[in-house]
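As a plain string of letters, each chain reads:
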Amino acid sequence: KIARRFFISLNAQHDEQTLDYRKQETRDSKTVGDLVSGNISYKLPWQTTTSLQFETSETLRDFGPLSTASFTDKRQRVALTLAHSFSKTFSLSFNGSSQLTQSFYVDYEESPLDRDQVDTILNLRLTSSYFQKLSAGIGIAYTNSEFVNIDSLQSSDNRTRELWELRPTLTFFLRPNMT
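What you see is a predicted model, and the numbers here were worked out from it, not measured in a lab.

## Brief notes about the overall build of the protein
Link 1 in the chain: Regarding its fold elements, the protein presents zero helices and eight strands.
Link 2 in the chain: Listing each helix as α and each strand as β along the protein from the N terminus yields β-β-β-β-β-β-β-β.
Link 3 in the chain: For the protein, with 179 residues in total, the buried portion stands at 25%.
Link 4 in the chain: Expressed as a percentage of contacts within the protein between residues at least 6 apart in sequence, the contacts between residues at least 24 apart total 50%.

## Some points on the environment of Thr 127
Link 1 in the chain: Inspection of the secondary structure puts Thr 127 in strand β6 (residues 115-131).
Link 2 in the chain: Look at Thr 127 and you get partly exposed, because its relative accessible area is 24%.
Link 3 in the chain: With residues near it in sequence (within four places) discarded, Thr 127 still touches Thr 89, Phe 90, Ser 91, Ser 135, Ala 136 and Gly 137.

## Remarks on the packing of aromatic side chains
Link 1 in the chain: Counting across every chain of the model gives four aromatic pairs.
Link 2 in the chain: Here Phe 6 and Tyr 42 contribute two aromatic rings whose centre-to-centre distance is 6.2 Å and whose plane-to-plane angle is 65°, an arrangement assigned as edge-to-face. Of this pair, Phe 6 sits in strand β1 (residues 6-20) while Tyr 42 sits in strand β2 (residues 28-43), and the two are 36 residues apart along the sequence.
Link 3 in the chain: For Phe 6, a relative accessible area of 41% corresponds to the partly exposed category.
Link 4 in the chain: Here the aromatic rings of Phe 86 and Phe 90 are separated by 5.5 Å at their centres, their planes lie at 40°, and the arrangement is tilted.
Link 5 in the chain: Above the face of the Phe 147 ring, Arg 159 is positioned so that its terminal group lies 4.3 Å from the ring centre.

## Remarks on a nonpolar patch on the surface
Link 1 in the chain: There is a patch of nonpolar side chains on the surface, built from Phe 6, Ile 8, Leu 10, Val 36, Ile 40, Leu 52, Phe 54, Val 78, Leu 80 and Leu 82 and spanning about 830 Å² of accessible area.
Link 2 in the chain: Broken down by secondary-structure element, the contributors of at least two residues to the nonpolar patch are β1, β2, β3 (49-62) and β4 (71-87).

## Some words on unusual backbone geometry
Link 1 in the chain: Its identity is not glycine, yet Gln 47 carries a phi of approximately 75°, on the positive side.
Link 2 in the chain: In this structure, Gln 47 sits in the loop between β2 and β3.
Link 3 in the chain: Owing to a relative accessible area of 45%, Gln 47 belongs among the partly exposed residues under this scheme.

## Re a negative patch on the surface
Link 1 in the chain: Residues Asp 15, Glu 16, Asp 34 and Glu 58 make up a contiguous surface patch of negative charge.
Link 2 in the chain: Summarising the element assignment, Glu 58 is placed in strand β3.

## Digging into the pattern of salt bridges
Link 1 in the chain: What the rule picks out here adds up to three salt bridges.
Link 2 in the chain: The partner of Arg 61 in a salt bridge is Asp 73, with the nearest N and O atoms 3.5 Å apart. With Arg 61 in strand β3 and Asp 73 in strand β4, this residue pair connects regions lying 12 residues apart in the sequence.
Link 3 in the chain: A salt bridge links Glu 165 to Arg 167; its shortest N-O distance comes to 2.7 Å.

## Considering the pairing of strand β8 (residues 159-172)
Link 1 in the chain: With zero of 14 residues buried, β8 is to be regarded as a mostly surface element.
Link 2 in the chain: In this sheet, β8 lies alongside strand β7 (residues 134-149) in antiparallel orientation, the contact comprising 14 bridges. By the bridge assignment for β8, Glu 146 is matched with Thr 160.

About the thresholds
- Residues numbered from 1 in each chain as written.
- Predicted model: local features only at pLDDT ≥ 70, side-chain atom pairs only at ≥ 80, totals over all residues.
- Heavy atoms only, no water.
- Helix = DSSP H or I, 4+ residues; strand = E, 2+ residues; numbered from the N terminus.
- Buried < 20%, exposed > 50% of the residue type's maximum accessible area, 1.4 Å probe, protein only.
- Contact = heavy atoms within 4.5 Å.
- Phe/Tyr/Trp six-rings, centres within 6.5 Å; stacked < 30°, edge-to-face > 60°.
- Lys NZ or Arg CZ within 6 Å of the ring centre and 35° of its normal.
- Patch = residues over 30% accessible without salt bridge, like charges linked within 9 Å, V, L, I, M, F, W, Y side chains within 5 Å.
- Areas by Shrake-Rupley, 256 points an atom, 1.4 Å probe, with all protein chains shown as cover.
- Salt bridge = Lys/Arg side-chain N within 4 Å of Asp/Glu carboxyl O.
- Lys, Arg positive; Asp, Glu negative; His and termini not counted.
- Charge placed at Lys NZ, Arg CZ, Asp CG, Glu CD.
- Pairing = 2+ DSSP bridges.

Following this line, the structure appears as structure tokens:
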């Protein structure tokens, strides 16, 4: 019985792109990326659906030997989803994710702009549709992004962005059987 409610997926990718510029022979562009992602889903006996997602990636953006802007991005992300229907007309869902993106410049001496960015997102939604043509919901969302410069001379540019949202929804269906 457990195997019918359990799902695992794994994905791996490698990508390379090279661009040469005809008119500007001193600059080229090369992007090399690697990505590994996965998802583990499970439906609990009381019909709550859970999902855990993870992702790790690394991307080199090389703008040529004369550029000081070439950098490598490393990213790690994890997300959790929970959804439960209390009845045919009443449900609750939660989504949360956190991500770390690190940027490392290839020529650090010329361009000391290495930085970390941490993003956290939380969403909670309650939905009700007691009438066939009308659905109502309320959602609460929290987003936090923190930017941290590694070089102490750049630390004055560190910043945090925080956002709270209350998201009411009201949906009227003209034809309930077409969604």
